[in-house]
Amino acid sequence: MRYHYFLLIVLLSCVFAANAQSARKTERFNANWKFFLGDEPQAKNTEFDDGNWRALDLPHDWSIEGRFDPKNSTTQAEGGLPAGIGWYRKTFTVPASAQNKNVFIDFDGIYHNSEVWINGHYLGKRPNGYISFRYELDKYLKFDGSKNVIAVRVDNSDQPNSRWYTGSGIYRNVWLVTNAKTYLTNWGTFITTPHVDEKSADIALNISIHKSQSINQKSAVQTIVYDAAGKMVAQKTTSVNNPADSTTTVDQSLQVNNPRLWSVTDPYLYKVVVKLLENNKVIDDYTAQTGIRYFNFDADKGFSLNGKPMKILGVCMHHDQGALGAAVNVRAIERQLQILKAMGCNAIRTSHNPPAPELLDLCDRMGLLVMDEAFDMWKKKKSKFDYHQDWTKWHVKDLQDQVLRDRNHPSIFAWSIGNEIREQFDSTGISIGRELVGIVKQLDKTRPVTSALSEADPKKNFIYQSGALDLVGLNYHQEVYADFKKNYPGQKFIGAENMSALATRGHYDMPSDSIRRWPKDGKTPLKDGNPDFTVSAYDNVSAYWGSTHEETWKIIKKHDFLSGLFAWTGFDYIGEPTPYLWPARSSYFGIVDLAGFPKDVYYMYQSEWTTKPVLHLLPHWNWKPGQTIDVWAYYNNADEVEAYLNGKSLGIRKKTGDDLHVMWRVKYEPGILKAVSRMNGKIIKTTQISTAGEPYRVQLKADRRLIKADGKDLSFITVTVLDKNNNPVPNANHLIKFTVSGTGILKAVDNGSQTDPDPFIANEHRVFNGLGLAVIQSKVQAGEITIRATAAGLQPAKLNIESN
């Protein structure tokens, strides 16, 4: 089946900009809320006095502000951070000009069990913590200059309710939308392309219009498509027969000549403007960025994008932003994606829930494919208080809203209706699987639907036996991949979740060539494991159900019919530690640690998934004299690597067979370990590691020295402990104290350790294996931000950055 799709995204800059001729107004509704941690039933009432409550701006995650504690009801599965009940209130006025219009409040996501009141009137409850939703406010608003009060109760006290860290609160953006009584409905514009080639793209629009007025007026819809340079490339106007008090759909068809196709290497975006006119006057409009592309899954040849074969080189990602928690921050998400994109990653799986809209916007803009996933469970629970409680009442609405909200994103190439669903093991998987695929297909027939299956035997998997899936998504079971065509004749493959390898950044255990699996009980430490719960970074440790990174990638790489994979996971995430033994409170699965520092296996992927020259040498070079050390090198674009210790050759190594790295066993002596890669005798790349002396000073380095003075933008400051010769000290664990002055604040601190019990919201933190992180957030004033870092016995550091 070939999937053609012309897709639409909404960039926030376009959303904010109100058309001068339009009645629609979309405002960010995040500022000046009041918050109370605890239950206060009277807070729903307008006259309630919240004067003593904490003032803050959204998005907000109150759990990340707490301390790690194994006694917290969230358990280690959710990181051992506190949850509970919280209330939010906002007082605001609405201009008289909005009195005869519709006014909505849109929540991008609240975790979870949210209830909302406006001026004491109950609007409803939404249990799902990841879905976006809206309420209509205008029936209960005051337009005479009097104050309006919206109150939100968030109940995350039913613990445990997740297998990973969720965060708590209104952790995504909130919007206030005002439009005319006749308007383009929310998520009601769907744009597809029934035909795309290099010469033209046929663009089909299905536009939903709601009229709540009783007066009949002459209406029309005008659609204009602009290229990235602002040149109009297509236009069409269609009359609308829109009776009073009704919802009408309008179909349009346009053509773009010589389209520039969206791809992972060239994420080209057009702009589409849809205008609703009444008596030739614009009464509503919808502006969006769009991308044109098509793709195909083939049972023999795998995946192709715009007719070109390619592997899906993906990672799974949970929604937390490390030390920042679940609260959405565009720059934090962008940084994660930039790090992954530089590794060669071209796809993201949203594990295991609808993502923040901002992540999809960024993937559209940056060129990353997305598998958009809906559920981690259906009727059968995985945690005592998880979504299974709300399944019967809410699953249809939640899935519909997810597809409607997200279906216009060019990045999305597949829907997933579930992850490792327990109904795959009984016949209910057949009926529910068919129901969910039917819901998706009713709203979007342009993409395949899959489910991430943990039962690889097709005779035992009832979701597969439903016959409803377009793609067979397998989690782990890499041992059956080579025989996929025999076991699943005629079916199309996607590795929905793979590896589950474990590593601690900067820690190395010898020997490196013995692969170890974590025991099946998930708690017992590895035999001869480390008492501090560190895990070797040599890529030789995995969970019992999975594999090392190299083991599975070798298989996927070899066979064209294996369309690609999603490694578990791109980044470490809070919660789901392996082992579930305190003080472990974060996962070990990431290719990148929680603070955003790549682990060594990052460079294996970079050497395989990119064409840029890579030569990465590991481990560090601070050991006991005479100790036998395994030295690894990841490389590409070369046919050999030669290693040297203090100028003496250790020999030349070449990859043979399906090797992904080369290795030397070396008797340690202090000095300089160097590697040189060559192709046909020509040097391609050189790298070296030096033995570090005693810790001497702190170094601060910003990922960006210039940030926006918008109160949201971030600069991520890497903290490194160096010796007198500026070599990183790989075993440093100094306590670093920070002070920030000027037009910024210290937002959070971290070091990438999976077992550090210290809080993220603090003005001090230890480095871990020589590295730490300080996250600086701008204020709304432009100017200079000064960061100072001190540590006992070390020379301090100072760094200036700018906000404007």
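Since the structure is predicted, the reported quantities are computational estimates derived from the model, not experimental observations.

Looking at this model, I keep getting lost on the packing of aromatic side chains. Mind explaining?
Across all of its chains, the model carries 40 aromatic pairs by this definition. Pairing F29 with W33 gives two aromatic rings, centres 6.2 Å apart and planes at 85 degrees, and the pair type is edge-to-face. Relative accessible area serves as the criterion here: at 7%, F29 is assigned to the buried category. Accessibility expressed as a relative area gives 0% for W33, which makes it buried. Here the aromatic rings of F295 and F297 are separated by 6.4 Å at their centres, their planes lie at 90 degrees, and the arrangement is edge-to-face. Each member of the aromatic cluster is reached from another via a ring pair, and the members are F295, F297, F303, F413 and F566. Positioned over the ring face of F716 is R335, at 4.1 Å from the centre of the ring. Directly above the aromatic system of F68 lies the positively charged group of R585, at a separation of 4.6 Å from the ring centroid.

Got a minute to help me understand the pairing of strand β26 (residues 472-475) in this structure?
The two faces of a sheet get side chains in turn, since along a regular strand they alternate between them. Residue alternation in β26 divides its side chains into two sets, V472 and L474 and G473 and N475, and both sets are buried. Relative to β26, strand β25 (residues 449-453) runs parallel, the two being bridged by 2 bridges. Residue pairing for β26: L453 is matched across the bridge by L474. Inspection of the sheet shows β26 paired to strand β27 (residues 493-499) by 4 bridges, in the parallel sense. Paired with N475 across the two strands is E497, which belongs to β27.

How do you make sense of the environment of V264 when you look at a structure like this?
Within the element layout of this structure, V264 appears in the loop between β16 (246-257) and β17 (270-278). For V264, a relative accessible area of 13% gives the class buried. Residues V264 and F738, spaced 474 residues apart in sequence, show a C-alpha to C-alpha distance of 39 Å. Those residues in contact with V264 that lie beyond four places of it in its chain are L305, M310, K341, N346, M366, G367 and L369.

Reading guide: rules and limits
Residues numbered from 1 in each chain as written. Predicted model: local features only at pLDDT ≥ 70, side-chain atom pairs only at ≥ 80, totals over all residues. Heavy atoms only, no water. Phe/Tyr/Trp six-rings, centres within 6.5 Å; stacked < 30°, edge-to-face > 60°. Buried < 20%, exposed > 50% of the residue type's maximum accessible area, 1.4 Å probe, protein only. Lys NZ or Arg CZ within 6 Å of the ring centre and 35° of its normal. Helix = DSSP H or I, 4+ residues; strand = E, 2+ residues; numbered from the N terminus. Pairing = 2+ DSSP bridges. Contact = heavy atoms within 4.5 Å.

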